[in-house]
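Notes for the structure review
Next come the chains, spelled out residue by residue.
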Amino acid sequence: MAELTEELSQVKGEEPAVPKKDVRVHPNPAPAGKPPLDVPTGTPTVIVDDLHIVYRVYGAATDVEKGNAVNALTRILKRQGRPQMKEVHAVKGVSFVAYHGDAIGVVGRNGSGKSTLLRAIAGLLPPHAGAVYTDGQPSLLGVNAALMRELTGERNIVLGCYAMGMTPAEVRDKYQEIVDFSGIDEFVQLPMSTYSSGMGARLRFAISSAKTHDVLLIDEALATGDREFRKKSEQRIRQIRESAGTVFLVAHDLRVIEETCNRVIWLHKGKIKMDGDPKEVLAAYNKG
Amino acid sequence: MSQPESAVADAQAGGRSGQEPLAKLAQRYGLRRAIARPRFPVYVRQLWERRHFILTYATSRNVSKYSSSALGQLWQILTPLLNAAIYYVMFGIVLGGKGNIENYPAFLLTGIFVFTYTQRSVAAGAKSISGNLSLIRALHFPRASLPLAYTIQELQQLAISMGVLFLIVILTGEFPTWFWLMIPVVLLLQTMFNIGTGLVMARLGSSMRDLNQLLPFITRTWLYASGVFFSIQEKVVGSAGLPQWVADAMYYLNPAASYIEFMRDILIQKHNPPGMVWISCVFWAVFALGLGFWYFWRAEERYGRG
């Protein structure tokens, strides 16, 4: 841990004076005087219509049925299915409409279907029933799946940008911006496996938010990284909202949601338990 | 603003009765379904737009593959060389597979390198979707990018193996001729075949989880049927006494054998391939590529489901 803080402070020392600006631009949106951007315009960007998601999980064998070859053979002879295969009904009939300029926080316990819902909105998990309608292509802030730990930050930036569908010209344009925003400076020449977890998270957020998204889906990306970087990320999210986009945010840190979102959806066991003003929903969520 | 809101309220209060207003609302604002398979020409165009990603992904995988070993990228040359040495000792000297084959080292190595390219592409293709589920569930791109990138990665490896092969072939007494200019053409045809097969395997591998366990046996059988370390003509017609058409069928119906024979024809002057082998090479390339893309595209929206 000491190593991590050391690295971070090293990097922070050479950063431009962004923090001051951050503090000014970022008043807490929760108080009564809401800034105008919290009022969404009337056009919907995402419509989720009675959505059901069922997916199959493999390899989740319990201790009792853990496979040896004899068991497997008996199963085949008795014509039983693979016990390792389970169907998970993760989202059960969710409907809502999101508008331009909305920043929607999604809260719920582990396994309540938050991440699944986000993936379905992004069009990455096919619906079992119901439908998701979107304006443009929603993108999940999840470029990390394309990155390779053995490669340098430099190569990973290029790879990540291409994975998000940028052109070579756009990559050249954005490269320096990504390095600056992530604040990893000379570490960009080193393999990502040498990064601290905070640096990795910052680089990933910097890469994935470099592209302009109409609808951005963020899954726990802000949980890691230091305080200062979290402010930078929150500012980036506000920029996206100002350019009339829609942001979905899944986070366990309710403070982040309260500070960034103008609407909160509470998922419970795959269904919407509450949908509305952050204060009310979060208050109810904290009680229940 | 009031109208959409009421639609949501309807949907939430009335459950199933709310379905239609939401679908209509979506239609009114021109929203489209998040999951929809593009038409085939559109799909191919999208794939072309992703060419930089495909290339970068292939190169990155190659770079990271050897990053943990001390000799690093040198293994890209060492691996085929060591393979060549083992196969030569085993099949050329110990088992005496030489027979009457002219320039056996060149014969054997050409067979091995050409076959390995197809075999590795097939194996990589089978893993390209099932091994990248997290990537598929995180980002949007035509899924065929992955099997394509895997085949291109194998092609990059092959380019190095080919350098080694040329060197050995020249050392064994062959002389480069104008005919060697045909080598890229054969490799192009074989790459087309490998991409097509890789695409088919990618779709099969995404739904049949046991395929990866089964595949080594299939490819080994294929290896023995492709005349890599013996001459099909000699064994089938000479030793077994079967009619000529059996040997011809084994050359023409087995794409791997066709590509191996074509490459041997180019590299080894005294080698006599079956006459029509270039036709089967072209046929298998076009057939596999077309079928592969079509078959893979048909399930585009289902990859990543689980």
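Residues numbered from 1 in each chain as written. Chains lettered and ligands numbered in written order. Predicted model: local features only at pLDDT ≥ 70, side-chain atom pairs only at ≥ 80, totals over all residues. Heavy atoms only, no water.

Attention shifts here to the confidence of the model for chain B. All names here are of chain B. Mean pLDDT for chain B: 82, with 91% of residues reaching 70 or above. Here residues 1-19 is a poorly scored stretch, pLDDT under 50, and it has 25 contacts once near neighbours within four places are set aside; other chains count. Our summary of model confidence lists the complex with pTM equal to 0.76 and ipTM equal to 0.76. (pLDDT = per-residue confidence, 0-100. Contact = heavy atoms within 4.5 Å.)

Okay, a nonpolar patch on the surface next. All names here are of chain B. Side chains of I86, V89, M90, I93, V94 and L95 sit close together on the surface and give an oily, nonpolar patch of about 570 Å² of accessible area. In this structure, L95 sits in the loop between α5 (75-94) and α6 (104-128). Exposure remark for L95: the relative accessible area of 56% places this residue in the exposed category. (Patch = residues over 30% accessible without salt bridge, like charges linked within 9 Å, V, L, I, M, F, W, Y side chains within 5 Å. Areas by Shrake-Rupley, 256 points an atom, 1.4 Å probe, with all protein chains shown as cover. Salt bridge = Lys/Arg side-chain N within 4 Å of Asp/Glu carboxyl O. Helix = DSSP H or I, 4+ residues; strand = E, 2+ residues; numbered from the N terminus. Buried < 20%, exposed > 50% of the residue type's maximum accessible area, 1.4 Å probe, protein only.)

All names here are of chain A. Judged by pairing direction, the sheet is mixed, and its 6 strands sit side by side in the order β5-β6-β7-β3-β8-β9 without closing on themselves. Edge positions in the sheet fall to β5 (139-140) and β9 (271-276), since each has one partner strand and no second. Where strand β8 (residues 263-268) and β9 come together, 5 bridges link them in antiparallel fashion. Across the sheet, the residue bridging to H268 is K271, located in β9. Its contacts with the sheet place helix α4 (residues 114-121) against β3 (103-107), β5, β6 (215-219), β7 (246-250) and β8, and it is angled at close to 155° to β6. (Pairing = 2+ DSSP bridges. Axes fitted to C-alpha atoms, helices over the stretch in contact; angles between N-to-C directions.)

This part covers the interface of chain B and chain A. Counting from both sides, the interface comprises 42 residues of chain B and, opposite them, 57 residues of chain A. Summing both partners gives a buried area of about 4,200 Å² for chain B against chain A, and 63% of it is carried by carbon and sulfur. Between the two partners, chain B and chain A, sit 0 salt bridges. In this assembly, chain B and chain A are joined by 3 residue pairs in polar contact (both at pLDDT 80 or more). (Buried area = accessible area lost by both parts, 1.4 Å probe. Polar contact = N/O pair within 3.5 Å; in protein donor to acceptor, adjacent residues only side chain to side chain.)

Residue and element names in this part refer to chain A. Helix α7 (residues 197-208) packs onto helix α6 (residues 168-182) with a crossing angle of 145° between their chain directions and a minimal axis gap of 8 Å. By crossing handedness, the relation of α6 to α7 is classed as right-handed. The segment α6 lies against α7, with I178, F181 and S182 engaging R202, L203, F205, A206 and I207. Taken together, the residues that form the contact of α6 with α7 break down as 6 nonpolar, 1 polar and 1 charged. (Left-handed = near helix turned anticlockwise from the far one by under 90°. Nonpolar A, V, L, I, M, F, W, Y, C, P; charged D, E, K, R; others polar.)

Residues and elements named next belong to chain B. Over its 20 residues, α5 runs 26 Å from end to end, which matches the ideal 28 Å to within 8%, given 1.5 Å per residue. At Y88, α5 shows its strongest bend, of approximately 25°. Elements that come into contact with the buried residues of α5 comprise α4 (51-65), α6 and α8 (145-171). Where α5 ends, the next residue or the one after it, G96, has phi of about 60°, a positive value. (Expected span 1.5 Å × (residues − 1). Bend = angle between axes of the 7 residues up to and from the residue.)

Glancing now at the pattern of salt bridges. When charged atoms on two side chains of opposite charge get close, those side chains can pair. Residues and elements named next belong to chain A. Inspection of every chain in the model, using the stated rule, returns 5 salt bridges over all chains. For R263, the salt bridge identified is with D102, shortest N-O distance 3.5 Å. Placement of R263 in strand β8 and of D102 in the loop between β2 (86-99) and β3 is noted, with a sequence separation of 161 residues between them. Summarising the burial analysis for this pair, R263 and D102 share the class buried.

All names here are of chain B. Viewed as axis vectors pointing N to C, α4 and α8 meet at an angle of 55°, and their least axial separation amounts to 8 Å. In terms of axis orientation, α4 runs oblique to α8. Helix-helix and strand crossings are classified by hand; for α4 and α8 the assignment is right-handed. Counting all contacts with α4, which are made through F53, I54, L55, Y57, A58, T59, R61, N62 and K65, the residues of α8 involved are S145, L146, L148, A149, Y150, I152, Q153, Q156 and Q157. (Parallel < 35°, antiparallel > 145°, perpendicular 65-115°, else oblique.)

Along the chain, A123 of chain B falls in helix α6. In the structure, A123 of chain B is positioned 174 residues away from W297 of chain B in sequence and 19 Å away in space, judged by C-alpha atoms.

A few words on the pairing of β7 of chain A. Residues and elements named next belong to chain A. Most of β7 sits inside the fold, with 5 of its 5 residues counted as buried. The side-chain alternation of β7 yields two buried faces, one formed by T246, F248 and V250 and the other by V247 and L249. The pairing of β3 with β7 spans 4 bridges and is classified as parallel. In the sheet register, V106 faces β7, and the bridge partner there is V250. Summarising the sheet, β6 and β7 pair through 5 bridges and their orientation is parallel. Residue pairing across strands places V215 opposite T246, the latter belonging to β7.

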